[in-house]
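# Coordinate analysis (summary)
In case you want the letters, here they are:
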Amino acid sequence: MKALEQFDISGRSALVTGAASGLGLAYAETMAEAGAKVTLTDIDAEGAEREAVRLRELGYEARSARLDVRNREESRAVFEAHVDAYGGLDIAFANAGIDTGPGFWNPGGYRNPDGQVDTLDPARWDRSLSVNLTGMFNTIREAVRIMKAAGCGGSIIATSSNAAMICEAIVDLPYMPAKAGVAHLVRHLALELAEFRIRVNAIAPGPFVTNIGGGALKRDPALRAKWDSQVPLGRVAETYQIKPLALYLASDASSYMTGSQLLIDGGMAQGRFR
Ligand SMILES: NC(=O)c1ccc[n+]([C@@H]2O[C@H](COP(=O)([O-])OP(=O)(O)OC[C@H]3O[C@@H](n4cnc5c(N)ncnc54)[C@H](O)[C@@H]3O)[C@@H](O)[C@H]2O)c1
């Protein structure tokens, strides 16, 4: 089989969480552009619908649904509605994630008073883990339930982070163990689900310009310059750069891969040289 043919996902269907913005929106666009039917879900229902309408206007098959990934009943209902609308589920992106505030170090060169392990508001820990780790579990659980019942296999892609592998002084403390948890969840589920031909992989991004953390990288040129200088490839990434990797993991092009975590971070996890 030719290489390019293995990337063909036309006629398949995909559901994406956190699809109103950033990387989730790029995943949803990728699915639609490649000919799949896609449900864009987000806690921001209006944003998800706005993007679904935009994709439909471009001639693609897209629908939207409100989904807070912390809510298990809502997750079940949204996945079932996807199957009702599109006749099955081939691909799921467990993507929704949040940053709850600054890390222990401020790029200005001092310790953040409320970013230390002993000063951090524990509510930030609870909120981060509930979205970034438990939310991933809730999403993957519903995708697996449907894929197993259909017996046709499937591809599940979780968004972890290079923060699962390296520690970042300026990043949210609870984000670190949450993303490391996602990485290990993916490895474990790859083992559990291989028998059912359900593949589970992770994309581990470095810094991308999105709305995470209130869109600080879009708003603050000094912060952006600081991040650019930390990346071996010399700059933070734009969301279109994640699209080929999303298609690779979603499609049969990655048919012999499961349990992998693919770094896309401009080399950051390999160390610093500036
Ligand atoms: N941007 C980066 O630099 C970067 C780096 C590594 C990993 N990530 C990960 O990528 C994923 C996407 O983040 P992004 O950067 O695109 O951010 P973003 O803020 O642009 O998009 C995240 C989306 O998730 C939605 N969301 C938030 N809480 C939710 C919830 N409880 N239920 C459902 N939807 C919810 C938001 O409304 C938003 O539309 C996250 O898992 C994030 O941790 C991002």
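Use the structure listed above.
This text gives an overview of the structure that appears in the document. What you see is a predicted model; the values in this text were computed from it and never measured. (Residues numbered from 1 in each chain as written. Predicted model: local features only at pLDDT ≥ 70, side-chain atom pairs only at ≥ 80, totals over all residues. Heavy atoms only, no water.)

## Quick word on the overall build of the protein
Each helix and strand counted, the protein has eight helices and nine strands in total. For a compact globule of 274 residues, the expected C-alpha radius of gyration is about 19 Å, and the protein comes in at 18 Å, within 12% of that figure. In the protein, the proportion of contacts linking residues at least 24 apart, taken out of those at least 6 apart, comes to 72%. Only carbon and sulfur atoms are counted for the fraction: they give 55% of the accessible area of the protein, which is about 12600 Å². Distance between charge centres in the protein, computed from 29 positive and 32 negative side chains, equals 3 Å. (Helix = DSSP H or I, 4+ residues; strand = E, 2+ residues; numbered from the N terminus. Rg over C-alpha atoms; globule rule 2.2 N^0.38 Å. Contact = heavy atoms within 4.5 Å. Areas by Shrake-Rupley, 256 points an atom, 1.4 Å probe, with all protein chains shown as cover. Lys, Arg positive; Asp, Glu negative; His and termini not counted. Charge placed at Lys NZ, Arg CZ, Asp CG, Glu CD.)

## Here we look at the layout of surface pockets
By volume, the second largest pocket amounts to about 310 Å³. Along the walls of the second largest pocket sit 17 residues, with Asp 90, Cys 152, Gly 153, Gly 154 and Ser 155 positioned nearest its centre. For the lining of the second largest pocket, the elements supplying multiple residues, two or more each, are helix 4 (122–150) and strand 7 (154–159). (1 Å grid on protein atoms, 1.4 Å probe; cavity = no way out; pocket = protein on both sides within 12 Å on 5 of 7 lines; lining within 4 Å. Points joined across faces, edges and corners; volume = space filled by probe spheres on them.)

## A look at the side chain of Asn 162
One can find Asn 162 in the loop between strand 7 and helix 5 (175–193). Taking the relative accessible area as the measure of exposure, Asn 162 reaches 5% and is therefore buried. (Buried < 20%, exposed > 50% of the residue type's maximum accessible area, 1.4 Å probe, protein only.)

## A closer look at the site of the ligand
Neighbouring the ligand are 29 residues; Ser 21, Asp 42, Asn 95, Tyr 175 and Thr 210 lie closest to it. Note that an oxygen atom of the ligand is positioned 2.8 Å from one of the backbone N or O atoms of Leu 23. Within the side chain of Asp 42, a nitrogen or oxygen atom sits 2.6 Å from an oxygen atom of the ligand. Listed by contribution, the elements that provide at least two residues to the shell around the ligand are helix 1 (22–33) and helix 5. Split into classes, the residues belonging to the shell around the ligand amount to 13 nonpolar, eleven polar and five charged. (Near = heavy atom within 4 Å. Polar contact = N/O pair within 3.5 Å; in protein donor to acceptor, adjacent residues only side chain to side chain. Nonpolar A, V, L, I, M, F, W, Y, C, P; charged D, E, K, R; others polar.)

## Here we look at the pattern of salt bridges
Tallying each qualifying case throughout the model produces 16 salt bridges. Close ionic contact of Arg 76 with Glu 142 constitutes a salt bridge, the shortest N to O distance being 3.0 Å. Here Arg 76 is found in helix 3 (residues 72–86), whereas its partner Glu 142 is found in helix 4, with 66 residues between them in sequence. Residue class for Arg 76 comes out partly exposed when judged on its relative accessible area of 29%. The class for Glu 142 is buried, based on a relative accessible area of 2%. Linked by salt bridges that have partners in common, Glu 29, Glu 33, Arg 50, Glu 51, Arg 54 and Lys 243 make up one network. (Salt bridge = Lys/Arg side-chain N within 4 Å of Asp/Glu carboxyl O.)

## Thoughts on the nonpolar core
Ranked by size, the top nonpolar core spans 32 residues in total, and within it Met 31, Val 38, Leu 40 and Phe 93 carry the most contacts. Elements with a minimum of two residues in this core: strand 1 (13–16), helix 1, strand 2 (37–42), helix 2 (45–57), strand 4 (91–94) and helix 8 (243–250). The element that contributes the greatest number of residues to this core is helix 1, accounting for seven residues. Apart from residues lying up to four places away in sequence, Met 31 is in contact with Ile 9, Ala 14, Ala 36, Val 38, Ile 91, Phe 93, Ala 246, Leu 247 and Ala 250. Counting residues in hydrophobic clusters, the runner-up holds 27 residues, among them Ile 140, Val 144, Val 182 and Ile 198. (Core = buried A, V, L, I, M, F, W, Y, C linked by side-chain atoms within 4.5 Å.)

## Thoughts on helix 4
Taking 1.5 Å as the rise per residue, helix 4 with 29 residues should run 42 Å; its terminal C-alpha atoms sit 41 Å apart, in good agreement. The largest bend along helix 4 measures about 35 degrees and falls at Thr 134. Positive backbone phi, at 70 degrees, marks Gly 151, one or two positions downstream of helix 4. (Expected span 1.5 Å × (residues − 1). Bend = angle between axes of the 7 residues up to and from the residue.)

## A word on the packing of aromatic side chains
The full count for this structure, using the stated rule, is two aromatic pairs. Ring geometry for Phe 7 against Tyr 248: centres 6.2 Å apart, planes inclined by 40 degrees, an arrangement best described as tilted. Taken together, the residues span a long stretch of sequence, with Phe 7 in the segment before strand 1 and Tyr 248 in helix 8 at a distance of 241 residues. Exposure remark for Phe 7: the relative accessible area of 28% places this residue in the partly exposed category. Note on Tyr 27 and Phe 93: the rings are 4.5 Å apart at their centroids and 15 degrees apart in plane angle, and the pair reads as stacked. (Phe/Tyr/Trp six-rings, centres within 6.5 Å; stacked < 30°, edge-to-face > 60°.)

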